[in-house]
Amino acid sequence: MSAAVLVAIVAAVGNLLQGWDNATMAGAIIYIKKEFEWENEPTMEGLSVAMSLIGATLITLCSGGISDWLGRRPMLIVSSMFYFVSGVLMLWSPNVYSLLFARLLDGFGIGLAVTFVPLYISEMSPPEIRGLLSTLPQFTYSTGIFLSYSFVFCMSLTESSSWRLMLGVLFAPSLIYFALTLFYLPESPRWLMSKGRVLEARQVLQRLRGTQDVSSELALLVEGLEVGHETAVEEYVIGPPNEVVVDEEKQSTEKEEIKVLRAEGISSMVALRLPPGNTSFLSAASLSKQTSVLSIDPVVSLFDTLHDKSDDKLVGTTSSSMRQHADNEGGYASDDLRSPLISRQTTGQGNTMMTSSLSGGSSFKTTSQCDHHQVQSTPASIGGGWQLAWKWKEAGEGEGSSSSADHNNNNNNNVNNGDLKRVYLHKDGDGDENSDNQLVKAGALVSQSALSSCTAKLLTEDQHPAALGAAMIHPCAAAVTKGPNWKYVFEPGVKHALIVGMGIQMVQQFLGINAVLYYTPQILEQAGVQVLLADMGISSTSSSLLISAVMTLLMLPCVVIAMRLMDVSGRRSLLLNTNPVLTVSLVILVMTRYIEVGSNNNIGKAAVSTVSVITYSCFFAMGYGPIPNILCAEIFPTRVRGVCIGICGITFWICNIMITYSLPMMLSWIGLGGVFSIFAVASLVSWGFVYLKVPETKGMPLEVITEFFSLGAKHAAPPN
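Numbers given to residues run from 1 along each chain, matching the order in which its sequence is written. Residue-level local features of this predicted model are given only where pLDDT is at least 70; pairs of side-chain atoms are given and counted only at 80 or more, and the full residue set underlies all totals for whole chains, interfaces and linings. Side-chain metrics rest on all non-hydrogen atoms present in the structure, leaving aside hydrogens and water.

(A) The arrangement of the overall build of the protein in detail. Tallying secondary structure elements over the protein gives 26 helices and 10 strands in all. Burial analysis of the protein (720 residues in total) assigns 61% to the buried set. Note on areas: Shrake-Rupley with a 1.4 Å probe; residue coverage comes only from the protein chains shown. About 26200 Å² of surface is accessible on the protein, with carbon and sulfur atoms providing 60% of the total. Only DSSP runs of H or I covering at least 4 residues are called helices, and only runs of E covering at least 2 are called strands; the numbering of each starts at the N terminus. Think of it in three bands: with a 1.4 Å probe and only protein chains considered, a residue is buried below 20% of the maximum accessible area for its type, exposed above 50%, and partly exposed in between.

Put into structure tokens, the structure is as follows:
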């Protein structure tokens, strides 16, 4: 686990360089305006600042698909190279044209870092601490801003301040970042799995998790390759064969028993599907429909219901005498790739449910006699209380648990030989926990397995488990991809996720944070902040830079608090609770423009403005700063994650350019009060968007999150 943290810290250095660049430009623009005589030309001022944003937008247009083709790590390496070259050019910059070109290259590096660092960290992190690690880019970004403002403030105290040195010093840390990305960072295991490079993916996971036993996560990564098949909600009772009955009816349900299997043989546990009338938390939530545009999105309701019922236990009895932790026998005995992820033994006719073959871990294990075999059952825990299993239906059986829509999606091989489904199981929190009851009620998300076309034939033949394992661990051509497949972007679940991802990026930018950061020194100078430090003999420019440095220093503990709460309170909760503070801070900034706060050199007005800007920035760093990028890195399937996050990144940069480029003109037209009035209205709109559209994703495996979007998309459209 410590390896995953170190990898995340190294990757987040790219955001430190972004923060350094943003803040140095905010200070350097004051001196650039003087040298090139731009005091009365806000257009050129806006262009010099927005040039890096234009570069970021251009590089984002194509980088999403390239990352799905070449990988995540190369994007970070190229980003560090752009940082280095642009830093050298800005240090030289003999004229405005060379400065603008250097800013363009700098934007290329920023665009790649902003887009792919959160994505890279999200794909590397275990679900339990993914929110914490994914907040690291915001922490390093704020750290970079603080260090930069401190550096620029010190330079402003000298007689000859050089904006070229302020901007060009970026080349030194970018060289260190290049070395780290090239020699230390591994490739994303999810991307490796999407290319069929399973041995490399396993080695990376073993390094990141600090254990040899990563079979369940490998199986999850394979299943994450499937996109587009319809997701169904089913309910099961899991327990010993003689106990599996519906408590309310005291009778079995349609005799649809599914045996839980693993490599050693048939387990003592069976899963019995409940009839449609016996609904639990998943199916009840999935029945909700969106009645209007202003009603809560069904995806949000699904996620909220899950977190209300969250429980870390699933397969296993409730009798304490039967609960024991699995022995850790060292994981893989060898590097033999034929070691099966899942396996099946001959069980006669009927449905079969399989779990991934684990050699150890913290999941529960039960042992009993069944069909004259001594067998064990270890569920494949994939994080967040979820378990991964597979359901096999022999050819020629009734429809059973598979929907007709799913059968239409099967290829001819599946129809002829059988049907393999993946099953994500989660315990129903309302289940009976009496000590005498050995049953567990579980909700299940059931859809087509990514391996169905590869393994259907093997599953119908009585072959050795190792042969099946080889098929599972070497995904066939249908389960891997050489590059982005654009048709998957138009799948209902992916389109629904894109609406959320693009929307959260838009509302973040229309809150005006990047414009505030770029122009904080000028905003504070207009607010009269120089009167606060007049007795110290510090100029108005140096005063605004010093207060900006203090502001970003105060942001750091706020980001640390957000890191702690990201996996506890969750992303959605942080957004909803920090938004009112942002709105109030913006309203106070507007009021200070029109209401006299004090009479002594307007000290009161300057103090209130400064406190409001600091409060706004700190609470933004806790919520809307890191969370949009975290969400966008979580809600898309592996096959198109790079493409989709690129689309969200384009939305981010276009809105960023609109706000940043127009701010100098808006300041001259409607003043500071008018600008903050617009941001205050946008803050109210953003709260409504988050409440209605943004789900809570804390602690859930990425593959299960995308399954929820697929399920919720069916219910999201308003009735005709």
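Next comes the rest of the account.
(B) Here's a closer look at the packing of aromatic side chains. Between 30 and 60 degrees the pair is tilted, below 30 it is stacked and above 60 it is edge-to-face, where a pair is any two Phe, Tyr or Trp rings, Trp via its six-membered ring, whose centres lie within 6.5 Å. Going through the model one piece at a time under the given rule, you end up with 10 aromatic pairs. Each ring, one from Phe36 and one from Trp163, has its centre 6.1 Å from the other, and the planes form 55 degrees; the classification is tilted. Residue Phe36 is found in helix H2 (residues 13-36), and its partner Trp163 is found in helix H8 (residues 163-168); the two are separated by 127 residues along the sequence. Judged by centre distance (5.3 Å) and plane angle (5 degrees), the rings of Trp687 and Tyr691 are stacked. With Trp687 and Tyr691 both in helix H25 (residues 641-693) and 4 residues apart, this pair spans about one turn of that helix. You can call Tyr691 partly exposed: its relative accessible area is 35%. Three or more aromatic residues link up through ring pairs in this structure, and these residues are Tyr616, Phe620 and Tyr624. By definition, being over a ring means that NZ of Lys or CZ of Arg is both within 6 Å of the ring centre and within 35 degrees of the ring normal. Taking the ring centre of Tyr184 as reference, the NZ or CZ of Arg207 above it sits at 5.0 Å.

(C) Quick look at the pairing of strand S1 (residues 232-239). With 8 of 8 residues buried, S1 lies mostly within the body of the structure. Burial of the side chains of S1 extends over both faces: Ala232, Glu234, Tyr236 and Ile238 are buried on one face and Val233, Glu235, Val237 and Gly239 on the other. One requirement defines pairing of two strands: DSSP has to find at least two bridges between them. As judged from the 7 bridges shared by S1 and strand S10 (residues 440-448), these two strands associate in the antiparallel manner. Counted as the bridge partner of Tyr236 is Ala442 from S10.

(D) Local environment of the side chain of Arg209. Secondary-structure assignment places Arg209 in helix H11 (residues 198-209). Overall, Arg209 belongs to the buried group, its relative accessible area being 13%. Polar contact is defined as a pair of N or O atoms within 3.5 Å, subject to the rule that within protein one atom must be able to donate a hydrogen and the other to accept it, and that residues adjacent in sequence are counted only when both atoms are side-chain atoms. A polar contact of 2.9 Å, which involves the side chain of Arg209, links it to the backbone oxygen of Met124.

(E) Main features of the packing of helix H1 (residues 2-11) against helix H5 (residues 96-124). In this analysis, axes come from line fits to C-alpha atoms, helices being fitted only over the stretch in contact, and the angle between any two N-to-C directions falls in the range 0 to 180 degrees. For the pair H1 and H5, the least separation of the axes is 10 Å and the interaxial angle reads 175 degrees. Considered as vectors, H1 and H5 are oriented roughly antiparallel to each other. Facing H1, whose interface residues are Val7, Ala8 and Ala11, H5 presents Val117, Tyr120 and Ile121. Each residue receives one of three labels: charged for Asp, Glu, Lys and Arg, nonpolar for Ala, Val, Leu, Ile, Met, Phe, Trp, Tyr, Cys and Pro, and polar for the others, Gly being one of them. Tallied by class, the residues present in the contact of H1 with H5 amount to 6 nonpolar, no polar and no charged. Each angle receives one of four descriptions, namely roughly parallel if under 35 degrees, roughly antiparallel if over 145, roughly perpendicular if within 65 to 115, and oblique otherwise. In this analysis, two residues are considered to be in contact whenever any of their non-hydrogen atoms come within 4.5 Å of each other.

(F) A look at the nonpolar core. Core analysis: the biggest nonpolar cluster contains 155 residues, and Ile32, Trp386, Ile504, Tyr624 and Phe708 have the highest contact counts within it. A per-element tally of this core places H25 first, with 18 residues. When sequence neighbours within four positions are dropped, the list of residues in contact with Tyr624 reads Ile504, Val507, Gln508, Leu511, Leu575, Thr578, Asn579, Leu582, Ser686, Trp687 and Val690. Ranked by size, the runner-up nonpolar core spans 9 residues in total, among them Ile238, Ala389, Val423 and Ala442. Remark: nonpolar core denotes a set of buried residues (Ala, Val, Leu, Ile, Met, Phe, Trp, Tyr, Cys) joined through side-chain atoms within 4.5 Å.

(G) How the structure looks around a nonpolar patch on the surface. A cluster of nonpolar side chains, namely Val88, Leu91, Leu165 and Phe171, defines an oily patch on the protein surface of about 300 Å² accessible area. In this fold, Leu165 is placed in helix H8. Residues forming no salt bridge and having over 30% relative accessible area are the ones grouped into patches, like charges within 9 Å of each other and nonpolar side chains (Val, Leu, Ile, Met, Phe, Trp, Tyr) within 5 Å. Take a side-chain nitrogen of Lys or Arg and a carboxyl oxygen of Asp or Glu: if they are within 4 Å of each other, that pair is a salt bridge.

(H) Geometry of the packing of H1 against H11. Relative orientation of the contacting elements H1 and H11 amounts to 100 degrees, with a least axis distance of 5 Å. When the axes of H1 and H11 are compared, the pair comes out roughly perpendicular. Contact with H1, carried on its side by Ala3, Ala4 and Val7, involves Arg207, Leu208 and Arg209 of H11 and no other residues of that element.

(I) Region of interest: the pattern of salt bridges. Under the criterion given, the structure shown has 15 salt bridges. Across the pair Arg197 and Glu200 runs a salt bridge whose closest N-O atoms are separated by 2.9 Å. Under the relative-accessibility criterion, Arg197 is labelled partly exposed at 33%. Assessed through its relative accessible area of 33%, Glu200 is described here as partly exposed. The structure contains a network of salt bridges with shared partners spanning Asp68, Arg72, Glu123 and Arg641.

(J) Examining the environment of Gly443 more closely. Structurally, the position occupied by Gly443 is in strand S10. On the basis of relative accessible area, Gly443 is assigned to the buried category, the value being 0%. With 18 residues separating them in the primary sequence, Gly443 and Leu425 have C-alpha atoms 5.8 Å apart.

(K) Seen up close, unusual backbone geometry. Positive phi outside glycine occurs at Ser93, with the angle close to 25 degrees. Summarising the element assignment, Ser93 is placed in the loop between helix H4 (73-92) and H5. On the basis of relative accessible area, Ser93 is assigned to the buried category, the value being 0%.

(L) Highlighting H11. A rise of 1.5 Å per residue sets the reference length of H11, with its 12 residues, at 16 Å; its end C-alpha atoms lie 16 Å apart and thus fit the reference within 8%. Here H11 has its buried residues at Val198, Ala201, Arg202, Val204, Leu205, Gln206, Leu208 and Arg209. The length a helix should cover is 1.5 Å for every residue beyond the first.

(M) Structural view of the side chain of Ser98. Considering the arrangement of structural elements, one finds Ser98 in helix H5. In contact with Ser98, not counting residues within four places along its chain, are Trp92 and Ser93.

(N) Quick peek at the environment of Ser569. By secondary structure assignment, the location of Ser569 is in the loop between helix H21 (540-565) and helix H22 (571-594). With 129 residues separating them along the chain, Ser569 and Lys698 place their C-alpha atoms 8.3 Å apart. Discounting residues that sit within four places of it in the chain, Ser569 has contacts with Glu696 and Lys698.

(O) Quick look at H4. Under the 1.5 Å per step criterion, the end-to-end length of H4 is 30 Å for 20 residues, consistent within 8% with the ideal 28 Å. The set of residues buried in H4 consists of Met75, Leu76, Ile77, Ser79, Ser80, Tyr83, Ser86, Gly87 and Met90. Those residues of H4 that are buried are in contact with H1, H2, helix H3 (42-70), H5, H8 and helix H9 (171-183). In the segment just after H4, Ser93 is the residue with positive phi, at about 25 degrees.

(P) Just the environment of Ile66, in detail. By the element assignment, Ile66 lies in helix H3. A relative accessible area of 30% means that Ile66 is categorised as partly exposed. Discounting chain neighbours no more than four positions away, the residues touching Ile66 are Gly71 and Met75.

(Q) Representation of the confidence of the model for the protein. Per-residue confidence from the prediction method is given by pLDDT, with values spanning 0 to 100. Averaged over every residue, the pLDDT of the protein is 74; residues scoring 70 or more account for 68%. Contacts of residues 260-266 to residues separated by more than four positions or lying in other chains number 35 contacts, the stretch itself having pLDDT below 50. Confidence drops under pLDDT 50 across residues 456-478; counting only partners more than four residues distant or on other chains, this segment forms 54 contacts.

(R) View of the state of the cysteines. Any cysteine sulfur atom paired with another within 2.5 Å is treated as part of a disulfide. This structure, assessed with the given rule, holds 0 disulfides. Unpaired in this structure, Cys558 has its nearest cysteine sulfur neighbour in Cys618, at a distance of 4.0 Å. Assessed through its relative accessible area of 14%, Cys558 is described here as buried.

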